[in-house]
Amino acid sequence: MTRATAAGLYSGVVWVLLAVAFPAHAGLSDFTALVRETRSAVVNISTTQKADPSGRELPQGMGNPEAPDGQPFGDLPHKFFGDGASPPDQEIHSLGSGFIISPDGYILTNYHVVEGAETVLVRLIDHRELTARVIGGDKRSDIALLKIAADHLPVARMGRSSGLKVGEWVLAIGSPFGFDYSVTAGIVSAKGRSLPQENYIPFIQTDVAINPGNSGGPLFNMRGQVVGVNAQIYSASGGFMGLSFAVPIDVAMDVAEQLKTSGHVTRGWLGVLIQNVNQELAESFGMSKPMGALVAKVLPGGPGAEAGIEAGDIIVAYDGKDVVESAGLPPMVGRTKVGATVPIKVIRNGKPLVLRVKIGKLPDQARAVAPAAQDASVPAAELGLSVVALTPDQRQALDDKGYGVLVSKVDDGPARSAGIRPGDVIMMLNYVRIRDTDEFTRVIRGLARGKTVPVLVQRPNGPVFLAIKVPG
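Cut-offs and rules
Residues numbered from 1 in each chain as written. Predicted model: local features only at pLDDT ≥ 70, side-chain atom pairs only at ≥ 80, totals over all residues. Heavy atoms only, no water. Helix = DSSP H or I, 4+ residues; strand = E, 2+ residues; numbered from the N terminus. Buried < 20%, exposed > 50% of the residue type's maximum accessible area, 1.4 Å probe, protein only. Contact = heavy atoms within 4.5 Å. Areas by Shrake-Rupley, 256 points an atom, 1.4 Å probe, with all protein chains shown as cover. Patch = residues over 30% accessible without salt bridge, like charges linked within 9 Å, V, L, I, M, F, W, Y side chains within 5 Å. Salt bridge = Lys/Arg side-chain N within 4 Å of Asp/Glu carboxyl O. Core = buried A, V, L, I, M, F, W, Y, C linked by side-chain atoms within 4.5 Å. Pairing = 2+ DSSP bridges. Axes fitted to C-alpha atoms, helices over the stretch in contact; angles between N-to-C directions. Phe/Tyr/Trp six-rings, centres within 6.5 Å; stacked < 30°, edge-to-face > 60°. Lys NZ or Arg CZ within 6 Å of the ring centre and 35° of its normal. Expected span 1.5 Å × (residues − 1). Arc of directions from axis to C-beta. Polar contact = N/O pair within 3.5 Å; in protein donor to acceptor, adjacent residues only side chain to side chain. pLDDT = per-residue confidence, 0-100.

1. As for the overall build of the chain
Here is step 1 of the chain: Looking only at helices and strands, the chain has 11 helices and 28 strands in total.
Here is step 2 of the chain: Of all 472 residues assigned to the chain, the portion counted as buried reaches 49%.
Here is step 3 of the chain: Within the chain, residue pairs in contact and separated by at least 24 positions form 62% of the contacts whose partners lie at least 6 positions apart.
Here is step 4 of the chain: A total accessible area of about 22,800 Å² is found for the chain, and carbon and sulfur atoms account for 53% of it.

In structure tokens form, the structure reads like this:
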């Protein structure tokens, strides 16, 4: 066998092995057909409004991308979103995306895309530009409904975000930095995410590249169905860093229907403040594993108070659905029709209890509480803290006016390890509501050594349960 023949045979064997190991398109998705079928329903949205003399910020969740001076496209964010203070009469232009949900011209986008806009212009895939009317917007979900005067328009097919699976492919089409019909793809990273600004929306987290201008555009599954509305990113620089969030289409379409029929959105309200149950708290409440939503406060006069929910209850099921963690409860309640009566299963003092709650309407703003301090100190040396009685003014500032003692000092010890700090108001300890310093002292003396017990403290930003380990 000649050297050339041997080399050719070797090369052939290598290609066969490569073909077997990496067959054409093996494991890779081809998005060309999907893009061809879906892109006609996507629109570009541009808005005009008077400049705010104090300056204009980028949309929520969007920082300012760090592009080196003199580089191509480096000043695009400034052109589209403004840059610092502007003359009072100057107009601001911004860009976003959206998609058509009905042949007669209804369009979904983000609320922050059209918020405060004097004119909204929609550009279709056939290059027509039409002025849109804002039917309504919902800041909490960041969804807005627009209407253009047109008929027989291509419509995006709706899917169900509830059917999404973590790890499946999804695709976004939008206008990042004004580059129309840009396509990006990735996978679903997580579902049911609560963000710091909003816990009533169970966001879909993806690693799809989303940038300023993508806002309001559709998130498609591999069947060409819209499963979400791209809303915001988490970023230190303002550019894509692998964390993108979309409003589930089930939520967005419910909002759109309410905006269309009534012009505003109503959500269910339970009237309780909740927190997650970690391992230490689960142990302190006698649970075998962490789960559910721990009620830290019941708002007076709210639906929860009327139904008999108490601080220290752990909500483990709502309307027949398990509450695995606290973040899952607000979206369940928010989607419930106002006035509906639903069963809620709670764990109280280690025992299950079913209550029936008539769901109220979510107020525009939650009520806040705030305390502060002084008087003769009562030490709890073994726990490493001291408390004082509340003054009449401090009690007046609390919803539970007849309860609470103020933490005046925290030393090294179990209290500090539990996260208790000076200024906290202790409302409950080991299931006992603390009325005054005498009661606090009695409860402290009765604690079983070596046991972890729950303690409810009130802070300016709300109540929180902590778990404190009694020295053995």
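2. Re a nonpolar patch on the surface
Here is step 1 of the chain: A cluster of nonpolar residues, W169, I187 and M222, forms a patch on the protein surface that exposes about 230 Å² of accessible area.
Here is step 2 of the chain: Note that M222 resides in the loop between β11 (218-220) and β12 (225-233).
Here is step 3 of the chain: With a relative accessible area of 35%, M222 lands in the partly exposed category.

3. Examining the nonpolar core
Here is step 1 of the chain: Residues F99, L108 and V247 are the most contacted members of the largest nonpolar core, which totals 31 residues.
Here is step 2 of the chain: Residue assignment for this core shows that the elements contributing at least two residues are α2 (32-38), β3 (106-109), β6 (143-147), β8 (169-174), β10 (198-206), β12, β13 (244-248) and α5 (249-262).
Here is step 3 of the chain: Top contributing element to this core by residue count: α5, with 6 residues.
Here is step 4 of the chain: Residues L385, V405, I420 and I426 belong to the second largest nonpolar core, which totals 23 residues.

4. Looking at the environment of V298
Here is step 1 of the chain: With respect to the helices and strands, V298 occurs in strand β16 (residues 293-298).
Here is step 2 of the chain: Discounting residues that sit within four places of it in the chain, V298 has contacts with G271, V272, G304, A305, I309, E310 and A311.

5. Remarks on the sheet that holds β3
Here is step 1 of the chain: Sheet architecture is closed into a barrel: 6 strands sit in the order β1-β2-β3-β6-β5-β4, paired in antiparallel fashion. Each neighbouring strand pair of the sheet contributes to a mean axis angle of 40°, computed without reference to strand direction.
Here is step 2 of the chain: Relative to the sheet, α5 contacts β2 (91-100), β3, β5 (129-138) and β6, its axis offset from that of β6 by approximately 55°.

6. Topic: unusual backbone geometry
Here is step 1 of the chain: Residues other than glycine seldom take positive phi values, yet H152 does so here, at roughly 55°.
Here is step 2 of the chain: By the secondary structure assignment, H152 is in the loop between β6 and β7 (157-158).
Here is step 3 of the chain: Positive phi, close to 55°, is recorded for Y181, a residue that is not glycine.

7. Things to note about the packing of aromatic side chains
Here is step 1 of the chain: Summed over all chains, the structure comprises 4 aromatic pairs.
Here is step 2 of the chain: Ring centres 5.5 Å apart and planes at 70° place the aromatic pair F31 and W169 in the edge-to-face group. Here W169 lies in strand β8 and F31 lies in the loop between α1 (3-21) and α2, a separation of 138 residues in the sequence.
Here is step 3 of the chain: Look at F31 and you get buried, because its relative accessible area is 17%.
Here is step 4 of the chain: Relative accessible area serves as the criterion here: at 33%, W169 is assigned to the partly exposed category.
Here is step 5 of the chain: Judged by centre distance (5.7 Å) and plane angle (75°), the ring pair of F285 and Y431 falls under edge-to-face. Taken together, the residues F285 in the loop between α6 (279-284) and β16 and Y431 in the loop between β25 (425-429) and β26 (432-433) connect sequence positions 146 residues apart.
Here is step 6 of the chain: Above the ring of Y181, the side-chain terminus of R39 is found at 5.1 Å from the ring centroid.

8. Comments concerning the environment of V324
Here is step 1 of the chain: Secondary-structure assignment places V324 in the loop between β18 (321-322) and α8 (329-335).
Here is step 2 of the chain: Along the chain, V324 and V277 lie 47 residues apart, while their C-alpha atoms are 9.6 Å from each other.
Here is step 3 of the chain: Ignoring any residue separated from it by four or fewer positions in sequence, one finds V324 in contact with M291 and G292.

9. Considerations on α5
Here is step 1 of the chain: Here α5 is 14 residues long and its end C-alpha atoms lie 19 Å apart, about the 20 Å a rise of 1.5 Å per residue gives.
Here is step 2 of the chain: Immediately beyond the C-terminal end of α5, within one or two residues, lies G263, with a positive phi of roughly 85°.

10. Structural notes on helix α11 (residues 437-445)
Here is step 1 of the chain: Residues T437, E439, F440 and V443 constitute the buried set of α11. Taken end-on, α11 shows its buried residues confined to a sector of 155°, consistent with a single buried face. Turned more than 90 degrees off the buried face of α11, the exposed positions are R442 and R445.
Here is step 2 of the chain: Where α11 begins, one side-chain oxygen reaches toward the backbone nitrogen of D438, 3.3 Å away; that side chain belongs to D436.

11. Digging into the pairing of strand β19 (residues 341-348)
One face of the sheet, then the other: side chains in a regular strand alternate in exactly this way.
Here is step 1 of the chain: One ladder, built from 4 bridges, connects strand β17 (residues 314-318) with β19; its direction is antiparallel. Of the residues in β19, the one forming a bridge with I314 is I347.
Here is step 2 of the chain: The hairpin turn running from β19 into strand β20 (residues 351-358), its antiparallel successor, is 2 residues long, and N349 in that turn takes a positive phi close to 50°.

12. Observations concerning the pattern of salt bridges
Here is step 1 of the chain: Overall, the coordinates contain 9 salt bridges when judged by the stated rule.
Here is step 2 of the chain: Here R123 and D180 are joined by a salt bridge, their closest N and O atoms 2.5 Å apart. Of this pair, R123 sits in strand β4 (residues 119-123) while D180 sits in the loop between β8 and β9 (182-195); the two residues are 57 residues apart in sequence, bridging distant segments of the chain.
Here is step 3 of the chain: According to the relative accessible area criterion, R123 is partly exposed, its value standing at 24%.
Here is step 4 of the chain: The exposure class of D180 is partly exposed, given its relative accessible area of 28%.
Here is step 5 of the chain: In this structure, a network of salt bridges that share partners links the residues R123, E129 and D180.

13. Looking at the confidence of the model for the chain
Here is step 1 of the chain: Residue-level pLDDT values for the chain average 81, and 79% of them are 70 or greater.
Here is step 2 of the chain: Confidence drops under pLDDT 50 across residues 13-26; counting only partners more than four residues distant or on other chains, this segment forms 1 contact.
Here is step 3 of the chain: Residue range residues 366-375 is modelled with pLDDT below 50. Its contacts to residues more than four positions away, or to other chains, number 30 contacts.

14. Some thoughts on the side chain of S326
Here is step 1 of the chain: Within the secondary structure layout, S326 lies in the loop between β18 and α8.
Here is step 2 of the chain: According to the relative accessible area criterion, S326 is buried, its value standing at 12%.
Here is step 3 of the chain: Setting aside residues no more than four positions away along its own chain, S326 makes contact with I274, Q275, N276, G292 and A293.

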